[in-house]
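Coordinate inspection notes
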Amino acid sequence: MTTAKQINWQQIAQNVLNGESITKEDALHILNVPDEQVLEVLNAAYLIRHHYYGKKVKLNMIINTKSGLCPEDCGYCSQSIVSEAPIDKYAWLTKDKIVEGAFEAKRRKAGTYCIVASGRRPTDKEVEHVIGAVKEIREKTDLKICACLGFLNENQAERLVDAGVHRYNHNLNTHADNYDSICSTHGYDDRVDTVSTSKKAGLSPCSGAIFGMGETKEQAVEIAFQLNVLDADSIPCNFLVAVPGTPLENQDALTPMQCLKILAMMRFVNPTKEIRISGGREVNLRSLQPLGLFAANSIFVGDYLTTEGQEPTSDWGLIEDLGFEIEECAL
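Below is a short write-up of the structure. (Residues numbered from 1 in each chain as written. Predicted model: local features only at pLDDT ≥ 70, side-chain atom pairs only at ≥ 80, totals over all residues. Heavy atoms only, no water.)

1. Considering the pattern of salt bridges
This model, assessed by the stated rule, comprises 21 salt bridges. In this structure, Lys66 engages Glu126 in a salt bridge whose closest nitrogen and oxygen atoms are separated by 3.8 Å. On the criterion of sequence distance, the pair formed by Lys66 in strand 1 (residues 56–66) and Glu126 in helix 5 (residues 124–140) is long-range, its members being 60 residues apart. For the residue pair Lys66 and Glu126, the accessibility class agrees, reading buried in each case. A salt bridge links Glu282 to Arg281; the nearest nitrogen and oxygen atoms lie 3.8 Å apart. Counted as one network, the salt bridges with shared partners bring together Lys199, Asp231, Asp233 and Lys273. (Salt bridge = Lys/Arg side-chain N within 4 Å of Asp/Glu carboxyl O. Helix = DSSP H or I, 4+ residues; strand = E, 2+ residues; numbered from the N terminus. Buried < 20%, exposed > 50% of the residue type's maximum accessible area, 1.4 Å probe, protein only.)

As structure tokens, then:
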């Protein structure tokens, strides 16, 4: 078996750019490389990232339009029915508040505005509420709009498309064989179905995972390849924040080096896609956050759903210090 030390990562990156797919074996090698070889792997991943995205960095901003009150029992989530985390809980924000958030996204130089709501699935009335806000945002800004509302049926997905929603987020979260350990109220296949339904309706699929929830390295690789099969256009790579009061509160955080290896692996497996460093980057990557952008080309700015991010000015400075550029219009 080929060892990581013998692998010419730059050559594999060139092979990927020539249209070849990385093997699962080599993808697993990325997760197993010694820490002292991480820069070598990141350099190779950057060849792919630069080929497709140059020095551009996409910024995304979330608005949590409905917090808590969720009947699902996802073990990682502070909004779930089993969570005892002290979070703000509220029903839907008004249309004006959602529109106001879009202007805040512009102020933060985000090109994509993500309208997120807790819950299993939206009612038709809730979809109409989002549609009302989306239509006004589309009239007044050039933002790319992403919705994340839970499970969708075909009619709801089609109505979101007609209203001007560009993208739909629904993460796979973890490997199929690990799913029962984090959630019992729905299954992995439910998530795959929603990604497929939204794509069929014409929504750009945004789907990723939360790493650090007990999955094996082999399962992490399988997740990356499953996202390739689903043809997700945007892939959020979240790293678990073990929130006190949730079932996963005692889960150990990933190390910064583990996170960098995951990001590099995801770039090799999904070379043309938007790879986004998402929730948990501040906690898990810590001082190595800048290095993540040599594999990824997208980040969230500001706060997440119930956890705090860092100030947008810090992210702007991080991007500038790398010699990268913010892509302010994502359309």
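2. Regarding the environment of Ile30
Here Ile30 shows up in helix 2 (residues 24–32). In the structure, Ile30 is positioned 294 residues away from Phe324 in sequence and 25 Å away in space, judged by C-alpha atoms. Setting aside chain neighbours within four positions, we find Ile30 in contact with Trp9, Ile22, Val41, Lys261, Ala264, Met265 and Phe268. (Contact = heavy atoms within 4.5 Å.)

3. A few points about the nonpolar core
Ranked by internal contacts, the top residues of the largest apolar core, which has 96 residues, are Tyr113, Phe211, Phe239 and Phe268. Ranked by the residues each element gives to this core, the list is headed by helix 9 (residues 256–269), at nine residues. When sequence neighbours within four positions are dropped, the list of residues in contact with Tyr113 reads Met61, Ile63, Ile98, Gly101, Ala102, Ala105, Ile137, Leu143, Lys144, Ile145 and Cys146. One finds Ile62, Cys114, Cys146 and Phe300 within the second-largest nonpolar core, a separate group that totals six residues. (Core = buried A, V, L, I, M, F, W, Y, C linked by side-chain atoms within 4.5 Å.)

4. Let's talk about the pairing of strand 3 (residues 144–148)
Two faces make up the sheet, and in a regular strand the side chains alternate between them. Of all five residues making up strand 3, five are buried, and the element is well covered by its neighbours. Here strand 3 shows a buried face lined by Lys144, Cys146 and Cys148 and a second buried face lined by Ile145 and Ala147. Sheet topology note: the strand 2 (residues 112–117)/strand 3 ladder contains five bridges and is parallel. Across the sheet, residue Cys114 finds its bridge partner in strand 3, namely Cys146. With helix 5 bridging strand 2 and the parallel strand 3, this β-α-β connection has right-handed handedness. As paired strands, strand 3 and strand 4 (residues 167–169) are joined by two bridges and run parallel to one another. Note on strand 4: the bridge partner recorded for Ala147 is Tyr168. At this point the chain moves from strand 3, through helix 6 (residues 154–163), to the parallel strand 4, and the crossover so formed is right-handed. (Pairing = 2+ DSSP bridges. Right-handed = clockwise from strand over helix to strand, strands pointing away.)

5. Points about the packing of aromatic side chains
As enumerated under the stated definition, the model contains six aromatic pairs in all. Here the aromatic rings of Tyr179 and Tyr188 are separated by 6.3 Å at their centres, their planes lie at 65 degrees, and the arrangement is edge-to-face. Across the pair, Tyr188 and Tyr179 agree in class, each one buried. Among the aromatic residues, ring-to-ring pairing joins Tyr46, Phe294 and Phe324 into one connected group. (Phe/Tyr/Trp six-rings, centres within 6.5 Å; stacked < 30°, edge-to-face > 60°.)

6. Some remarks on the pairing of strand 7 (residues 234–239)
In terms of burial, strand 7 is a largely internal element, six of the six residues being buried. Neither face of strand 7 is exposed, since Ser234, Pro236 and Asn238 on one face and Ile235, Cys237 and Phe239 on the opposite face are all buried. Where strand 6 (residues 209–211) lies against strand 7, three bridges are found, and the strand directions are parallel. Residue pairing in the sheet places Ile210 in a bridge with Asn238 of strand 7. Tracing the backbone out of strand 6, into helix 8 (residues 217–230) and back to the parallel element strand 7 gives a crossover that is right-handed. Bridging between strand 7 and strand 8 (residues 274–277) involves four bridges; their strand directions are parallel.

7. So, the side chain of Arg276
Tracing the sequence through the fold places Arg276 in strand 8. If sequence neighbours within four positions are ignored, Arg276 has contacts with Asn60, Arg167, Cys206, Ser234, Ile235, Pro236, Cys237, Ser298, Ile299 and Phe300.

8. A word on the environment of Lys56
Its place among the elements puts Lys56 in strand 1. Note on Lys56: relative accessible area 34%, which makes it partly exposed. Along the sequence, Lys56 and Thr255 sit 199 residues apart, while their C-alpha atoms lie 26 Å from each other. Setting aside its immediate chain neighbours within four residues, Lys56 contacts Arg49, Asn297, Glu325 and Glu327. There is a polar contact of 3.1 Å between the side chain of Lys56 and the side chain of Glu325. (Polar contact = N/O pair within 3.5 Å; in protein donor to acceptor, adjacent residues only side chain to side chain.)

Just geometry here; none of it tells us what the structure is for.
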